[in-house]
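Residue strings, one per chain:
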Amino acid sequence: FKPRYQRNNKRGGLKNLRCFPSCGFRHKERGFCGRSVVAEVSHPKGESGNTLYCWAEFVKCGPPVGLKVGERSSLSELVKKERSKDEPTKPWVKGERLTEKCTDLVAVFEFNKDRRGWHYGWAS
């Protein structure tokens, strides 16, 4: 990750970071320039990682906002905050499980696999 990123403003109030977390195969002057992000989530041996879900929230560095570590919430409440093609300004990006990379101790998720842009909602 870099300490700074360029941004662009899209129609409808969307604000996206460019080249996040880095350029793809090569830098693109127009449209989306960036990559997906992959995260590994450890879980206790013997417990199936197949029941885990993972979301990422794109926020500025600082004290945690929203759901805190160890806090519980219903799946339906979590899904309400999930970003989609039709609702790109919602706060959470759902991770897609990369089953082929999961082990008996680690579940692996990829965020923004479809490369729709990295929208941020804060004022800069």
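For the structure, see preceding data.
Here the structure is a predicted model, which is why all the values come from computation and not from measurement. (Residues numbered from 1 in each chain as written. Predicted model: local features only at pLDDT ≥ 70, side-chain atom pairs only at ≥ 80, totals over all residues. Heavy atoms only, no water.)

Turning our eyes to something else, we now look at the packing of aromatic side chains. The tally for this structure, following the rule as stated, stands at 5 aromatic pairs. Between Tyr 5 and Phe 20, the aromatic rings sit 5.0 Å apart at their centres with planes inclined by 70 degrees, giving edge-to-face as the arrangement. Taken together, the positions of Tyr 5 in the segment before strand E1 (7-9) and Phe 20 in the loop between strand E2 (15-17) and strand E3 (37-42) put the pair 15 residues apart, joining distant regions of the chain. When its relative accessible area of 21% is taken as the criterion, Tyr 5 is described as partly exposed. With 5.2 Å between their ring centres and 75 degrees between their planes, Phe 20 and Trp 118 make a pair best called edge-to-face. Linking Phe 20 in the loop between E2 and E3 with Trp 118 in strand E8 (residues 118-119), this pair joins segments that are 98 residues apart in sequence. One aromatic cluster is present, formed by Phe 1, Tyr 5, Phe 20 and Trp 118 through successive ring pairs. (Phe/Tyr/Trp six-rings, centres within 6.5 Å; stacked < 30°, edge-to-face > 60°. Helix = DSSP H or I, 4+ residues; strand = E, 2+ residues; numbered from the N terminus. Buried < 20%, exposed > 50% of the residue type's maximum accessible area, 1.4 Å probe, protein only.)

By the secondary structure assignment, Asn 112 is in the loop between strand E7 (106-111) and E8. Overall, Asn 112 belongs to the buried group, its relative accessible area being 10%. Within the structure, Asn 112 has its side chain in polar contact with the backbone oxygen of Gly 117 (distance 3.2 Å). Those residues in contact with Asn 112, other than ones at most four positions away along the chain, are Phe 32, Ser 36, Val 93, Gly 117 and Trp 118. (Polar contact = N/O pair within 3.5 Å; in protein donor to acceptor, adjacent residues only side chain to side chain. Contact = heavy atoms within 4.5 Å.)

On the surface, Tyr 53, Leu 75 and Val 79 cluster together into a nonpolar patch covering about 270 Å² of accessible area. With respect to the helices and strands, the residue Leu 75 is situated in helix H1 (residues 75-80). A relative accessible area of 39% means that Leu 75 is categorised as partly exposed. (Patch = residues over 30% accessible without salt bridge, like charges linked within 9 Å, V, L, I, M, F, W, Y side chains within 5 Å. Areas by Shrake-Rupley, 256 points an atom, 1.4 Å probe, with all protein chains shown as cover. Salt bridge = Lys/Arg side-chain N within 4 Å of Asp/Glu carboxyl O.)

Let us look at the pattern of salt bridges. Under the defined criterion, the tally for this structure stands at 5 salt bridges. Two residues, Lys 90 and Glu 87, come together in a salt bridge whose shortest N-O distance is 3.6 Å. Note on Lys 90: relative accessible area 22%, which makes it partly exposed. The class for Glu 87 is partly exposed, based on a relative accessible area of 40%.

Moving on, we come to a positive patch on the surface. On the surface, Arg 26, Lys 28, Arg 35 and Arg 115 cluster together to form a positively charged patch. Tracing the sequence through the fold places Arg 26 in the loop between E2 and E3. (Lys, Arg positive; Asp, Glu negative; His and termini not counted. Charge placed at Lys NZ, Arg CZ, Asp CG, Glu CD.)

In space, the 3 strands of this open sheet follow the order E1-E2-E8, with antiparallel pairing throughout. Each of the sheet's edge strands pairs with one partner strand only, and the pair in question is E1 and E8. Bridge analysis of E1 against E2 gives 3 bridges, and the strand direction is antiparallel. Paired with Asn 8 across the strands is Asn 16, a residue of E2. (Pairing = 2+ DSSP bridges.)

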